[in-house]
Every structure is written in structure tokens, then in C-alpha cells.
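# Tertiary structure, described
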Amino acid sequence: MKTIDKNWTIEESSFNPARSGYYETIFNLSNGYMGIRGTRDCTSAICRKGTFLAGIYDKGDAQITEIVNCPSFINFRITVDDDPVELSGCSELSYRRCLDMKEALLYTDATITDHSGRKLGIKSTKAVSIADKRIAFFTLEITPVNFSGTIKVLSEIDGAASNYDRSGCREISHFNVLEGESDQGGTAVLQAETRDSKTRIAIAACMGLSGVCGPLCSSDVKKQGDIVVSEVAFTGEKGMTYTVDKVICVLHSLDPSGACTPEKAAEYACAGFKKGIGRLLREHKDVMALKWDMSDITIEGDCKAQAAIRYNILNLLMLGANVDGNVSIGAKGLHGEGYKGHIFWDTEIFVLPFYIYNEPETAKKLLLYRYNRLEAAKANARAGGYDGARFPWESADTGREATPDYFYPKEGEPIKCLTGDEEIHITADVAFGFYEYCRITADTGFLLKYCAEVLLETAKFWISRLEYDSGTGYYEIRSVIGPDEYHIHVNNNCYINYMARWNILKAEEIWEDLKNNYTMDFEAVCKKTGVDAEIITQWSEKASKILLRHSKEGILEQFDGYFLLKDHVIEKYNEKGIPVLPPGFKTDKDFWGYKLIKQADVVMLLHLFNDQFTEEQKKLNYEYYEKRTIHWSSLSPSIYSLMGVNVKVPAMAYSYFNVSANTDIEDNQSNTEDGIHAAAVGGTWQAMVLGFGGFRVKEGMIHLDPWLPREWNAISYKACWKGRTVCISVTKEHVKVKISGDNNTVYDVIIFNNPYTVKANTELEVRMHAVEEVIILGVDKY
């Protein structure tokens, strides 16, 4: 195996079947179109194969529509003189796998000694092409170290793949394998169709021994039930190394860019095979290099943090590579079946900012997934008796609500899911994502064509959701669940009320902007949404009277009656940095009567509307809620890290960063086997750039207020802003800024609250601002 920089590598150094599920997720390869779990070759150990195609969902016999575990094609099996080579059954084994994050390649290096004393060296390289979304390609190097014999390499397209239904402890197949040729001119082909959604899938695999032909080598394709097997057999000479290449093409009928037929898949796979693994690899590496050039973040002085931030960025680069406006990024990526592959607020609030600041075109396509389901969001609102558009808490292919009726935990009784009815903040979260994209990119065309309509329709929903209390004179939003999912049926969750008010007022602001500056677009959006001047006046009056509760000391009350709950302050943490709770706290119900919360709620609000709260408000609220947040959600630590930098509690910010950055690497939520935590991945990037990197855009200008933990010597990163590339480097002594553009352009920037001008393509250097840690004196009497 090639030597790889540890700052760019995630490694599995020994064969441990008990950790299979974890490594299958960690070593997933994806290109945004398809994702394959990192299952091991040559083993019958328990594993969860997974091949997921973005946007392909089906219900079948499942509880609810879910992402389909499609036919698998990743694994190799090997026989020597017809004896299977088995990792778990050998007498000696040297084993190592590693993920090269720089090139998005998965390497395996193993030496197996069987019970007959035969020693076999096996090396493999696997890739899902970033350059060509329909292609995956693998190489397998085999060395008979101390023997000669007949070696067979077998690789399957497994049409017996299925989803696992945890609630019923059963397997569910979501597709039927269709009749047809399994051998298209020596190329293995399998065609399937999902059961309800009738989506066609065609997979073809072309496999052969590199550079060898004739009587010493043979190739064959066989169909065994719903499995198509490619076989390459050859006579292996002692000490010689043989390379088997495999190129796979995956097509499906939802892809608007081409036909989905077995013949087309075979043609595409053969063309890739003829092109050669070397060329496919170069093209893949070239695209990855371009992506890393923009998105890499360097951290000097902390190898663990450096590798961790790159692992998070890698997953963002892979998952966003080929989104097309009809698919989005689920909470578990394309890495597993967790949350049934559904899309949540994780995408707009946690994941989207990375793309806004690194790949604006990808960000736009993720938003178009929501826009293309705006009619479904309107139907969701009407189904509940409301106006406008209400985006679903869980979204799949259609944009209708996909939340299951019950949640089945690994232990305990089934839990009624109320999130689909009550966790309505998703609607404002989506609107926030649309506007944030426009705010950072200055993409006026997107604002006029898509954003304005989305904000107006979501504002209509919030207006219809308000309830007037004649006793107080305020409008309320009742029976909801905020980001803290441990308190249900609450009234006036602070996050929801604030976001609803923002949504309404921002829609009004955009309506006025269009009226004054874009007459034709204004008329079109008014006709489409039915919003006129009289309605806007009513919105303004109602928005100003949406209830927001807080104490006289400035602490925002998370929801009505929160301050009256039993108190418990967190004092102990486990080895993974997660709070330790008193005995008896195991289910959601155990938290109902306590102030303990699941994740950032009010503190999330402080982040999203950072410049609308005073420094004192942020400090008081951060300290108060930090001591009562248990972080039993991967969404939470990144926000407490980011805001920890903001309120100047460095040790706490650094600690939470490590928890967030290593969410999957260290499996600190104990469910990485179900897929990555996309929100933690995106939140970690935000903690790094918007937190430690100090990058904010306020009133159209770049503001920088970076801070380095004592463990770090320097950081550097890039960000896109209004079509420009901004390069930032920070050391203990200085901050350097460089902005691309026409040479005569001059930009105004604010660094440590002081104004500077930066000439395009010229580096500005400013002395680093000293940051003193603040001791926050919180208010605990509520």
C-alpha cells in the first residue's frame, strides 16, 4: 500500500468483525449520485452491504417511504485451487485498510495464510468516480507468495440486496430483478425496478485480468438467481503479482441525462474498461484536486484535528458532487439506512453553508430540490388547514411529509412520532437557507426567480399558524417542538417564534425590494403568490406582536414555562465528551419535567442571528443553556463550539469542536454504523470557518474575528463571497486576507472591529488580536 500522509488518512489497522458496521460507514465512497458502503472483501463476517442512489426511494412493505438499498457490486471473493479465501478463517492475517481523503480512494493491504500454509497477498484500490458520476472502478492485486495454483476472482452484482426494518427485525426488498440478458458481450448486467415507484436501475460490470489473455486466463459471467457473477480465472505463479480490473456503470431512470437500459449500461462500462483504470483514476484525482484546492482547511500543530476536519470536508465534497436540483443530502448521507435516507433541516441549516461558501452552484441545486417541491409543501400546509407552504419535517422523493408514525428504538417501547406535526421550524429553516444563499452570493437572478416566492409562501404559512391571545395582545405559536426534541407540545418555542417573525419580515422586505426595483418580477411573483399591499401591511402588524419571552436578566425562555421546570446542571462528562446524566434518564419522557435539553435551541438562534443580540445577551444565554444541554444529538456540539468562540470561552469551544469533528470517527453517538451524521459534518465546518476562522458577512461586508486555540499554531482556509475567492490565514501573530477580483477593485473589510481596505489580489496583513477568556457569571435562579 502506498505511503500516505497521516493528516490525509483514516485507517483500520486490524481485522475486527465486531467493528464491521462502523467501518462500512467510515469507508463509504460517494459521488453524490451513488454511495457504496465500505464492506470488506473475502469475508463472510456479518456486514450491511449498501448501495444507495440519490433520490431513489420506495415504500413497498416498509413502514414509510425510504431510500432503497440497491443491488450491490463492491465486493470480491477469491478461491485458490477451489478453496475459498476467508479473512475470518485463516491461520495468519496481516490486514490494513485506509481511506485516502485527498484522493477519495479506499485501499486494502492484506496477507493471508490459510491452514494449508499457502500465503496470499491481496491489495485493492476502490473508487467511486467524482469525474463521471455513473462510474465506479476497482483494482485487485493478487500475489501467491509461496505457491503456484489456480486462482479465481469472483465479483457479484447482487440483486438480493434489501433494507433492514428494525421495527420488525426483518429484511425488506424494494425492487424486483427483471428478466433479461445477464451477459452483454462478456459484461455482467443486472436490471431491476423498484416495487412502488417503478424506478428502473441498470448496473453493468466489466472485469478482466490486466495485460493477460490466452489459455492461462479465462473470464465468465453467470446468473445465479438474482445474482450475476463475473469470474476471472488464471494460473498464478509463485511470487508473481496479478491485477484484476473492474469497471461498473450504474444508470437509473430518474437521471434526466441519459437512457437507462441494460445495453446502455454495458456500453458505458465497456467504454470505461477500454479507457483503462489509469485514465479513470487520473480524471478522478484531477477533479478531487480542484475541489480540495478550494475547500481544504489546514491546521498546524494538531494532527488529530487536521485529519478530522478533512474527513468532514471529504464527505461534504463527495455528497455534493453531482446533485442536480432533484435530489438533496439526507441526514445520513449516502452512507447507510439511518433515518430512512430522509432529508431534514440538517441540510439547510448545517450542511448548506459549506456549499454556499465553497461551491455556490451546488448550494443552488440543493435549494432547487426544495423549490421543485414547493407545490407539495403547499399541499402539506392545506392538509393541516393552513395557508402558504409548509415543508415536511422529513422529506424523500415527493416533498410530502415522510415522517413515520412511530419510532422504534433499539431498546424500549415504540415511540409515537410527533415531529411531523409539531417540528414546524423546518419551514423557516428552508426559507433561511434560500435567503442566506442570496445574501452571501449576491445572486439576484436566484432571488427573483426562486427565493422571493419561497419566502412569501412560507410567510403565508406562518401568518396562518399564528394564534391571537386577546389577554396579552400577542400572537402565539402553540403545540410545537423546537430543535430541543425532548420537550413536546410546548407553546411559543423561542427559536420557532423568532424564525417565524424573521420569515415574515424578510418576505415583506423582499416584496418591497421587488416592488421598487424589479417591476416585471414583482408582478409575476404577486400573481403567483397572491400577496398584495394590504396583505403585507397585515403581516407587518402581526409580526411585530409575535411573543418572545425572556427574563429581566436577558435570558431567553426556551418556551412557555421552561423556567418553572425542575433544574439539573451538568457537571460530569464521559470519555467522548458527552454529558453524564443521573440514573433514570434513558428515554425522551424522562426529560419532560426537567430543564435538561437535547441540543442547541436558544443557542442555535444566537448563531443564526448573531448580530441581532448584544454581547451580554449571548454570554448569559450561552452559559445558562450550555450547563443544561446533554448533546444527545450530533447537531449540537458544533454550535456550542462556534458560539463558544463567539462569547470567548476558548477551552469550551475547543472541547466541543473535537466532539463534533470526531462524531463519526470516534462514534460518539454510538450509531455511526447507520450512516454518517451529515449535520455534524456540516456543523464542524461552520465551527471551523465561522467560529475559529472568524468569518462573517454583515451588511454586505466581510467581518473577521478569528481566534486560535492554544493547541493550534496556524490555520488557513478559503471562502466564496459574491463570486470572489477570499483566502484567509491566521497565526498567533497575524491575520492575512487576500480577495480575488479585477486588479483595480478595492474591498472594505472589518477585522477585529476595525475597518481596512484590501486591493484585489493583494494580501493584507493585520496583527492578531489578543483574546482574553471571559468568565461568564450566569443566572441560575429560574
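Residues numbered from 1 in each chain as written. Predicted model: local features only at pLDDT ≥ 70, side-chain atom pairs only at ≥ 80, totals over all residues. Heavy atoms only, no water.

Turning our attention to helix α5 (residues 346-358). Residues spaced three or four apart along an α-helix face the same direction, because each turn holds 3.6 residues. In a regular helix each residue adds 1.5 Å, so 13 residues correspond to 18 Å; α5 covers 18 Å between its end C-alpha atoms and thus fits that length. Taken as a whole, α5 carries its principal kink of about 50° at Leu 352; the proline Pro 353 stands between one and four residues after it. (Helix = DSSP H or I, 4+ residues; strand = E, 2+ residues; numbered from the N terminus. Expected span 1.5 Å × (residues − 1). Bend = angle between axes of the 7 residues up to and from the residue.)

Where the model shows low pLDDT, its predicted coordinates should not be examined in detail. In this model, the protein carries an average pLDDT of 93, and 96% of its residues clear a pLDDT of 70 or more. This stretch, residues 776-782, has a pLDDT under 50; its non-local contacts, to residues over four places away or in other chains, come to 26 contacts. (pLDDT = per-residue confidence, 0-100. Contact = heavy atoms within 4.5 Å.)

Here Glu 453 lies in helix α10 (residues 444-465). On the accessibility criterion, Glu 453 (4% relative accessible area) is buried. A C-alpha to C-alpha distance of 9.0 Å links Glu 453 and Tyr 371, two positions 82 residues apart in sequence. Apart from residues lying up to four places away in sequence, Glu 453 is in contact with Tyr 371, Leu 374, Lys 378, Val 525, Lys 528 and Thr 529. Here the side chain of Glu 453 touches Lys 528 through a polar contact of 3.3 Å, side chain to side chain. (Buried < 20%, exposed > 50% of the residue type's maximum accessible area, 1.4 Å probe, protein only. Polar contact = N/O pair within 3.5 Å; in protein donor to acceptor, adjacent residues only side chain to side chain.)

The strand order β23-β30-β31-β32-β35 describes an open sheet built from five strands, whose pairing is antiparallel. On the outer flanks of this sheet lie β23 (298-300) and β35 (764-767), each paired with one strand and no other. The mean inter-strand angle of the sheet, taken between neighbouring strand axes irrespective of direction, is 15°. With eight bridges connecting them, strand β30 (residues 714-721) and strand β31 (residues 724-731) associate as antiparallel partners. Residue pairing across strands places Cys 720 opposite Thr 725, the latter belonging to β31. (Pairing = 2+ DSSP bridges. Axes fitted to C-alpha atoms, helices over the stretch in contact; angles between N-to-C directions.)

Turning our eyes to something else, we now look at the packing of helix α6 (residues 360-371) against α10. It is at 11 Å that the axes of α6 and α10 come closest, and there the two elements cross at 45°. Classified by the angle between their axes, α6 and α10 sit oblique to one another. Crossing angle aside, the handedness with which α6 passes α10 is left-handed. Counted together, Lys 364, Leu 367, Leu 368 and Tyr 371 of α6 and Phe 446, Lys 449, Tyr 450, Glu 453 and Val 454 of α10 form the full contact between these two elements. Across the contact of α6 with α10, the residue classes tally to six nonpolar, no polar and three charged. (Parallel < 35°, antiparallel > 145°, perpendicular 65-115°, else oblique. Left-handed = near helix turned anticlockwise from the far one by under 90°. Nonpolar A, V, L, I, M, F, W, Y, C, P; charged D, E, K, R; others polar.)

Taking strand neighbours across the sheet as the criterion, the four strands line up as β28-β29-β33-β34 in an open arrangement whose pairing is mixed. Each edge of the sheet is formed by a strand with only one pairing partner; in this case those strands are β28 (695-698) and β34 (754-759). Between one strand and the next, the sheet's axes are offset by a mean angle of 35°, whatever the strand orientation. As defined by bridge partners, strand β33 (residues 746-751) adjoins β34 across six bridges and the pair is classed as antiparallel. From the neighbouring strand, Ile 751 faces β34, where its bridge partner is Asn 754.

A side chain with one charge can pair with a side chain of the opposite charge if their charged atoms come near. Applying the stated criterion across every chain yields a total of 42 salt bridges. For Lys 378, the salt bridge is made with Glu 457, and the minimal N-O distance between the two is 3.6 Å. You can see Lys 378 sitting in helix α7 (residues 374-383) and its partner Glu 457 sitting in helix α10, a full 79 residues away along the chain. Note on Glu 457: relative accessible area 2%, which makes it buried. One continuous salt-bridge network, built from bridges that share partners, spans Asp 81, Asp 83, Asp 114 and Arg 118. (Salt bridge = Lys/Arg side-chain N within 4 Å of Asp/Glu carboxyl O.)

Turning our attention to the side chain of Thr 125. Inspection of the secondary structure assignment puts Thr 125 in strand β11 (residues 119-128). Accessibility expressed as a relative area gives 18% for Thr 125, which makes it buried.

What follows is about the nonpolar core. Across soluble globular proteins, you tend to see nonpolar side chains buried next to one another. Core analysis: the biggest nonpolar cluster contains 230 residues, and Trp 345, Phe 434, Tyr 625, Phe 695 and Trp 712 have the highest contact counts within it. Per-element accounting of this core gives the leading share, 13 residues, to α10. Discounting residues that sit within four places of it in the chain, Trp 345 has contacts with Phe 350, Trp 393, His 425, Ile 426, Asp 429, Pro 483, Tyr 495, Gln 599, Met 604 and Leu 635. (Core = buried A, V, L, I, M, F, W, Y, C linked by side-chain atoms within 4.5 Å.)

On to the packing of aromatic side chains. This model, assessed by the stated rule, comprises 46 aromatic pairs. Geometrically, the ring pair formed by Trp 345 and Tyr 495 is edge-to-face, given 6.0 Å between the ring centres and 75° between the ring planes. Here the residue Trp 345 occupies a position in the loop between α4 (303-319) and α5, and Tyr 495 occupies one in helix α11 (residues 494-517), the gap between them amounting to 150 residues. Comparing Trp 345 with Tyr 495 shows no difference in burial state: the two are buried. Centroid distance Tyr 498 to Phe 609: 5.0 Å. Interplanar angle 50°. Geometry classified as tilted. Of the two residues, Tyr 498 is situated in helix α11 and Phe 609 in the loop between α14 (602-608) and α15 (615-626); the sequence distance between them amounts to 111 residues. Overall, Tyr 498 belongs to the buried group, its relative accessible area being 7%. Given the relative accessible area of 3%, Phe 609 is considered buried. Every member of this aromatic cluster is reached through a ring pair, and the members are Phe 354, Tyr 355, Tyr 357, Trp 685, Phe 695 and Tyr 717. Against the face of Trp 8 rests Arg 310, its NZ or CZ located 3.7 Å from the ring centre. (Phe/Tyr/Trp six-rings, centres within 6.5 Å; stacked < 30°, edge-to-face > 60°. Lys NZ or Arg CZ within 6 Å of the ring centre and 35° of its normal.)

Taking 1.5 Å of rise per residue, the twelve residues of helix α17 (residues 650-661) would be expected to cover 16 Å, and the 16 Å separating its terminal C-alpha atoms lies within 8% of that figure. Turning to α17, its buried residues are Pro 650, Ala 653, Tyr 654, Tyr 656, Phe 657, Asn 658, Val 659, Ser 660 and Ala 661. Next to the buried residues of α17 lie α4, α15, α16 (636-646) and α18 (678-692).

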